[in-house]
Amino acid sequence: MNSNDSAQPRILVTGGTGKTGSRVADRLAASGHEVRIGSRSAEIPFDWTDRSTWGPALTDMDAVYLAYQPDLAAPGAPDVIRAFGAAAKAAGVRKLVLLSGRGEPEALECEWIVRESGLAWTVVRCAFFAQNFSEGAFADYILSGAVALPNGDVPEPFVHADDIADVVVAALTESGHDGAVYELTGPRALSFAEATAEIAKATGRDIQFVPITRTDFVAGLTEYQVPADEISLLDYLFGTLLDGRNSATTDGVRRALGREARDFSEYVAETAAAGVWAVTEVPVH
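On a predicted model such as this, the values are computed, not experimentally measured, just so you know.

Colleague: Explanation requested: the pairing of strand β2 (residues 35-38) in the structure shown.
Modeller: Two faces make up the sheet, and in a regular strand the side chains alternate between them. In β2, alternate side chains face the same way, and those of R36 and G38 are buried while those of V35 and I37 on the opposite face are not. Judged from the four bridges that link them, strand β1 (residues 11-14) and β2 form a sheet pairing that is parallel. Paired with L12 across the bridge in β2 is R36. With helix α1 (residues 21-30) bridging β1 and the parallel β2, this β-α-β connection has right-handed handedness.

Quick look at the structure:
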């Protein structure tokens, strides 16, 4: 066990430059915690595919935000999570907070591995992030004015990445969250077509939703030069998870934080105001 029992926990944030990891790291640093960013470009490099980097990154850490890349549904993920949990325990880490996938059978196996790690644990289970429309693979679609996706009529209660970060930070730094599974959603479900319409209204732009097949979806992502592992994951999510299994909302944010989850409309308003979706017309000569 590490030796700073009376001090604030020192925390390794894997995926520390990603959508949730960067938010978690910023919140922890702002509250005075010692934060180590787990990324290949960090001062102490961390790479999921290079296990020799794990030990140095885990040294002197008390807790870990475990956000596995590319996804817990990826082939071989359980073996990686099992090995990482053992390495964390050997390094003296006391707590793991796992970002898990809602409705993913493969993610459940990884959750059980974390539960059986011998460490304190919290599971934060999520599906589609609202920020996928501004910081993920759908951002280019919004900018292009045509959101071409399969299964766009299935309701999804998009969860705000800030809510995820707030729950993760609470689980890492406060008592009362050990052994909890928090399934996080927004307060209402809306289809991708409805989400696109909300963004169009907020930006004053003509942004159309275009239903397509999974084959055309993969081809489009390839054309946009989305990394192959992300394409495979998105194809899995749209082809498997968007069958209605995740359409119900949950009270995970309220259970963890004592407040309601942020609505998709709040995300849309703040993102539109920041100019993320603004398109500058190029003059025609």
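Colleague: When you look at the pairing of strand β5 (residues 120-126) in this model, what are you seeing that I'm missing?
Modeller: In terms of residue burial, β5 counts as a mostly covered element, since six of its seven residues are buried. Following the backbone out of strand β4 (residues 95-101), through helix α4 (residues 105-115) and into the adjacent parallel β5, one traces a crossover that is right-handed. Two elements, β5 and strand β7 (residues 181-183), share three bridges in a ladder whose sense is parallel. Bridge pairing links V123 to V181 in β7.

Colleague: Before we go on, may I ask you to explain the sheet that holds β2 in this structure?
Modeller: Two strands in a sheet stick together by hydrogen bonds in their backbones, pointing the same way (parallel) or opposite ways (antiparallel). The parallel open sheet is built from six strands, whose spatial order is β2-β1-β3-β4-β5-β7. Pairing within the sheet leaves two strands with one partner each, and these edge strands are β2 and β7. Sheet twist, expressed as the average angle between the axes of neighbouring strands with direction ignored, equals 15 degrees. Examined bridge by bridge, β1 and strand β3 (residues 63-66) share three bridges and lie parallel to one another. When the bridges of β3 are listed, I11 appears paired with A63. Strands β3, β4, β5 and β7 of the sheet are contacted by α4, whose axis makes an angle of about 170 degrees with β4.

Colleague: What exactly am I supposed to notice about helix α3 (residues 77-90) here?
Modeller: One turn of the α-helix equals 3.6 residues, which is why residues spaced by three or four share an orientation. In this model α3 runs 20 Å from its N-terminal to its C-terminal C-alpha over 14 residues, within 8% of the 20 Å that 1.5 Å per residue would give. Buried within α3 are the following residues: A77, P78, V80, I81, F84, G85 and A88. The buried residues of α3 occupy one face: seen down the axis, they fall within an arc of 155 degrees. The inward-facing, buried residues of α3 contact β1, α2 (54-58), β3, β4 and α4.

Colleague: Quick question: what am I supposed to make of the environment of A77 here?
Modeller: You can see A77 is positioned in helix α3. Residue A77 is classed as buried on the basis of its relative accessible area, which comes to 0%. The contact partners of A77, leaving out residues within four places of it in the chain, are Y68, D71, L72 and C110.

Colleague: Would you mind going over the packing of helix α7 (residues 192-203) against helix α11 (residues 264-273) with me for this structure?
Modeller: In helix packing, the relevant descriptors are the interaxial angle and the interaxial distance, both defined with respect to the helix axes. Look at α7 against α11: their axes get within 10 Å of each other, and the N-to-C directions meet at 40 degrees. Taken as axis vectors, α7 and α11 run oblique relative to one another. Crossing of α7 over α11 shows right-handed handedness. Between α7 and α11, the residues in contact are A195, E198, I199, A202 and T203 and F264, S265, V268 and A272, respectively. Taken together, the residues of the contact of α7 with α11 break down into six nonpolar, two polar and one charged.

Colleague: Please clarify how the state of the cysteines should be interpreted in this entry.
Modeller: What makes a disulfide is a covalent bond joining the sulfur atoms belonging to two cysteines. Tallying each qualifying case throughout the model produces zero disulfides. In this structure C110 is not part of a disulfide, and its nearest cysteine sulfur, from C126, lies 15 Å away. Exposure remark for C110: the relative accessible area of 0% places this residue in the buried category.

Colleague: Could you clarify how one ought to interpret the nonpolar core in this entry?
Modeller: Side chains of nonpolar character tend, in soluble globular proteins, to be buried together. Counting 34 residues, the largest nonpolar core has F133, F138, L149, F158, F192, F238 and F264 as its most contacted members. Elements that contribute at least two residues to this core include exactly α5 (139-144), β6 (146-149), α7, α8 (214-223), α9 (228-241) and α11. Among the elements that line this core, the one with the most residues is α9, at seven residues. Residue contacts for F192: discarding those within four places in its chain leaves F128, F133, F138, L149, G152, V154, E156, F158, F209, F238 and L242. With 27 residues, the next largest nonpolar core counts V13, L99, V124 and A256 among its residues.

Colleague: Honestly, α1 in this entry has me stumped. Any pointers?
Modeller: Taken as a whole, α1 has its buried residues at G21, R23, V24, A25 and L28. Where α1 is buried, its residues meet β1, β2, β3 and α6 (161-173).

Definitions and cut-offs
Residues numbered from 1 in each chain as written. Predicted model: local features only at pLDDT ≥ 70, side-chain atom pairs only at ≥ 80, totals over all residues. Heavy atoms only, no water. Buried < 20%, exposed > 50% of the residue type's maximum accessible area, 1.4 Å probe, protein only. Helix = DSSP H or I, 4+ residues; strand = E, 2+ residues; numbered from the N terminus. Pairing = 2+ DSSP bridges. Right-handed = clockwise from strand over helix to strand, strands pointing away. Axes fitted to C-alpha atoms, helices over the stretch in contact; angles between N-to-C directions. Contact = heavy atoms within 4.5 Å. Expected span 1.5 Å × (residues − 1). Arc of directions from axis to C-beta. Parallel < 35°, antiparallel > 145°, perpendicular 65-115°, else oblique. Left-handed = near helix turned anticlockwise from the far one by under 90°. Nonpolar A, V, L, I, M, F, W, Y, C, P; charged D, E, K, R; others polar. Disulfide = S-S within 2.5 Å. Core = buried A, V, L, I, M, F, W, Y, C linked by side-chain atoms within 4.5 Å.

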